[in-house]
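Each chain, written out:
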Amino acid sequence: MIADYTLIRPLGPSTYGDLYLAAPPGRLAIDADQVVVKVLPEVAAEREFDRFAREMQALASVQDSHVVSVLDAGHAAGRLFYAFSYLPLGTLSAHLVEGLASELPQAVPAVRDAALGAHALHEAGIIHRDISPRTIYVTDDGGILGDLGLAEVLRPGMTSTGIGPIGGLEYTDTALLRGERMGRSSDIWSLGATLHRVATGESVRPDLPSGDIVTVIRHALSEPPVIADSCPAALRPVIEQAMDPDPAARYADALELARAIDDAESRR
């Protein structure tokens, strides 16, 4: 149990937390027998919970079919958690483990739908910060952007340069590693890197070393991203623009990127 959720089984680790399949409490009054509960690792004081609750409320206010539904958030035994909809097909990352995600018909449409979800978050003043195959859930005909554990509500005058764990640097905008301001363009870069991964099965940072964070970041700063030769011709210019070194040269917003993906798919 955590709070009034009955945990059924672990779903594995996630960015800054662990995921569990759980039976929701009756108080949620939802038409679902199962939800996912993400439990954050650190013990949190009341002040941290207050900020966490405000940000979860902001996320829950984004009612868009391309963003996972945040159902609840709480503080139990010093641990922060939140609940969201269970999507049984899993993430794009899981399909990458099983084989080339481009062989999955929903793979590229899932990235397009994640771009639509990112646009909905951006319009609400929220930056996802952790878009990658492991945070995009597959549906029957596309995908849903989920796992909002690193999302940042950007209030007026507020900036953030936080990044996720080392494994996520493949999908982290190089401009952020240089300390530049986070915004729509940084999520668009991550969407481009994700599109490249699902379309080619290869990383845009193919030689990223393992080891300490300083070494990894130095490498990412010194070696520009690489578009694989196997990248489909129709998708190459889409990925190149999404990941342009100059944030101002990227797509104006994630909606424009989603439309570009659709157009490229129609020509493949």
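Please refer to the structure higher up on the page.
Quick caveat: nothing in here was measured; it's all calculated off a predicted structure.

S.K.: I tried to follow the overall build of the protein chain on my own but got confused; where do I start?
M.R.: Helix and strand counts for the protein chain stand at eight helices and nine strands. Relative to the globule expectation of 18 Å for 268 residues, the C-alpha radius of gyration of the protein chain, 18 Å, shows essentially globular dimensions. Dimensions of the protein chain, computed from C-alpha atoms along their principal axes, come out at roughly 50 × 35 × 35 Å. Considering only contacts in the protein chain between residues 6 or more positions apart, those separated by 24 or more positions represent 63%. Within the structure as shown, the protein chain displays about 12000 Å² of accessible surface, and the carbon and sulfur contribution to it stands at 51%.

S.K.: How should unusual backbone geometry be read in this particular structure?
M.R.: One can expect most non-glycine residues to show negative phi and most peptide bonds to be in trans. At Ala77, a residue that is not glycine, the phi angle is positive and equals roughly 50 degrees. Its location among the elements puts Ala77 in the loop between strand 4 (70-76) and strand 5 (79-85). Relative accessible area serves as the criterion here: at 83%, Ala77 is assigned to the exposed category. Here Arg129, not a glycine, exhibits a phi torsion of approximately 80 degrees, which is positive.

S.K.: Looking at this structure, I do not really get the side chain of Arg205. What am I missing?
M.R.: Position of Arg205 relative to the elements: it lies in the loop between helix 5 (184-200) and helix 6 (213-222). Nearest to the buried, unbridged Arg205 among oppositely charged side chains is Asp173, at 6.4 Å. Within the structure, Arg205 has its side chain in polar contact with the backbone oxygen of Leu169 (distance 2.9 Å). A distance of 3.4 Å separates a polar side-chain atom of Arg205 from the backbone oxygen of Ala220.

S.K.: Explain the sheet that holds strand 5 to me, please; I cannot follow it from the model alone.
M.R.: The strands that make up a sheet pair up through hydrogen bonds in the backbone, lying either parallel or antiparallel. The strand order across the open sheet built from five strands is 1-2-3-5-4, with neighbouring strands paired in antiparallel fashion. Strands at the two margins of the open sheet, each flanked by one partner only, are strand 1 (6-14) and strand 4. Between one strand axis and the next, the sheet turns through 25 degrees on average, direction left out of account. As paired elements, strand 1 and strand 2 (residues 17-23) share seven bridges and run antiparallel to each other. Opposite Ser14, over in strand 2, you have Gly17 as the bridge partner. Taken strand by strand, helix 1 (residues 46-60) contacts strand 3 (35-43), strand 4 and strand 5, and its axis lies near 175 degrees from that of strand 4.

S.K.: How should the pattern of salt bridges be read in this particular structure?
M.R.: Opposite charge on two side chains allows them to pair when their charged atoms are near. Scanning all chains against the criterion turns up ten salt bridges. As a salt-bridge pair, Arg197 and Glu170 come within 3.0 Å of each other at their nearest N and O atoms. With a gap of 27 residues between them, Arg197 in helix 5 and Glu170 in the loop between strand 9 (152-153) and helix 4 (174-177) connect regions that are remote in the sequence. Neither Arg197 nor Glu170 differs from the other in exposure class; each is buried. Of the charged contacts in the structure, one is a salt bridge between Arg236 and Glu240, with a shortest N-O distance of 4.0 Å. Taken as a pair, Arg236 and Glu240 lie in helix 7 (residues 236-242) at a separation of four residues, close to a single helical turn. Through salt bridges with shared partners, one network takes in Asp4, Arg27 and Asp72.

S.K.: Where do I start with the packing of aromatic side chains in this structure?
M.R.: Two descriptors summarise a pair of aromatic rings, namely the distance from one centre to the other and the angle between the planes of the rings. This model, assessed by the stated rule, comprises three aromatic pairs. An angle of 75 degrees between the planes, with centres 5.7 Å apart, marks the rings of Tyr5 and Phe81 as edge-to-face. Of this pair, Tyr5 sits in the segment before strand 1 while Phe81 sits in strand 5, placing them 76 residues apart in sequence. Comparing Tyr5 with Phe81 shows no difference in burial state: the two are buried. Grouping aromatic residues by their ring pairs yields a cluster made of Tyr82, Phe84 and Tyr137.

S.K.: Looking at this structure, how should I read the packing of helix 3 (residues 107-123) against helix 5?
M.R.: Describing two packed helices takes the angle between their axes plus the distance from one axis to the other. Closest axis-to-axis distance for the helix 3/helix 5 pair is 10 Å, and the angle between their directions is 170 degrees. One finds that helix 3 runs roughly antiparallel with respect to helix 5. Facing Ala107, Val108, Val111, Ala114, Ala115, Ala118, His119, His122 and Glu123 of helix 3, the residues of helix 5 in contact are Arg184, Asp187, Leu191, Thr194, Leu195 and Val198. A breakdown of the residues in the contact of helix 3 with helix 5 according to their chemical character gives nine nonpolar, three polar and three charged.

S.K.: Would you take a moment to explain the pairing of strand 5 for this structure?
M.R.: The side chains of a regular strand alternate, first on one face of the sheet and then on the other. Burial within strand 5 is extensive, with five of its seven residues counted as buried. Here strand 3 runs beside strand 5; their pairing, made up of six bridges, is antiparallel. Pairing of Val35 across the sheet is with Ser85, part of strand 5. Between strand 4 and strand 5, which pair antiparallel and follow one another directly, the connecting turn spans two residues, one of which, Ala77, has a positive phi of 50 degrees.

Parameters at a glance
- Each chain carries its own residue numbering, running from 1 in the direction its sequence is written.
- At least 70 in pLDDT is required for a residue's local features to be given in this predicted model, at least 80 for side-chain atom pairs to be given and counted, and no such filter applies to totals for whole chains, interfaces and linings, which use all residues.
- Based on all heavy atoms of the structure, the side-chain values leave hydrogens and waters out of the count.
- Numbering goes from the N terminus for both helices and strands, where a helix is a DSSP run of H or I of at least four residues and a strand is a run of E of at least two.
- Put simply, the radius of gyration uses C-alpha atoms, and a globule should come to 2.2 Å times the residue count raised to 0.38.
- Any two residues whose heavy atoms approach within 4.5 Å are treated as being in contact.
- Method for areas: the Shrake-Rupley scheme with a 1.4 Å probe, in which residue coverage is limited to the protein chains shown.
- Exposure categories follow from relative accessible area, calculated using a 1.4 Å probe and restricted to protein chains: below 20% of the type maximum is buried, above 50% is exposed, and the middle band is partly exposed.
- Note that His is not counted, nor are the chain ends; the positive residues are Lys and Arg, and the negative ones are Asp and Glu.
- Salt bridges, as used here, are contacts in which a Lys or Arg side-chain nitrogen is within 4 Å of a carboxyl oxygen on Asp or Glu.
- Whenever two N or O atoms come within 3.5 Å, that pair is a polar contact, provided that in protein one can donate a hydrogen and the other can accept it, and provided that, for residues adjacent in sequence, both atoms are side-chain atoms.
- Two strands make a pair as long as DSSP finds a minimum of two bridges between them.
- To get an axis, a line is fitted to the C-alpha atoms, and for a helix only the part in contact is used. The angle between two axes follows their N-to-C directions and goes from 0 to 180 degrees.
- Pairs were defined over the aromatic rings of Phe, Tyr and Trp, the Trp ring being its six-membered one, requiring ring centres within 6.5 Å. Orientation was assigned from the angle between planes: stacked under 30 degrees, edge-to-face over 60, tilted for the rest.
- What sets the label is the angle itself: under 35 degrees gives roughly parallel, over 145 gives roughly antiparallel, 65 to 115 gives roughly perpendicular, and the rest give oblique.
- The classification used treats Ala, Val, Leu, Ile, Met, Phe, Trp, Tyr, Cys and Pro as nonpolar, Asp, Glu, Lys and Arg as charged, and all other residues, Gly among them, as polar.

Structural measurements only, silent on function.
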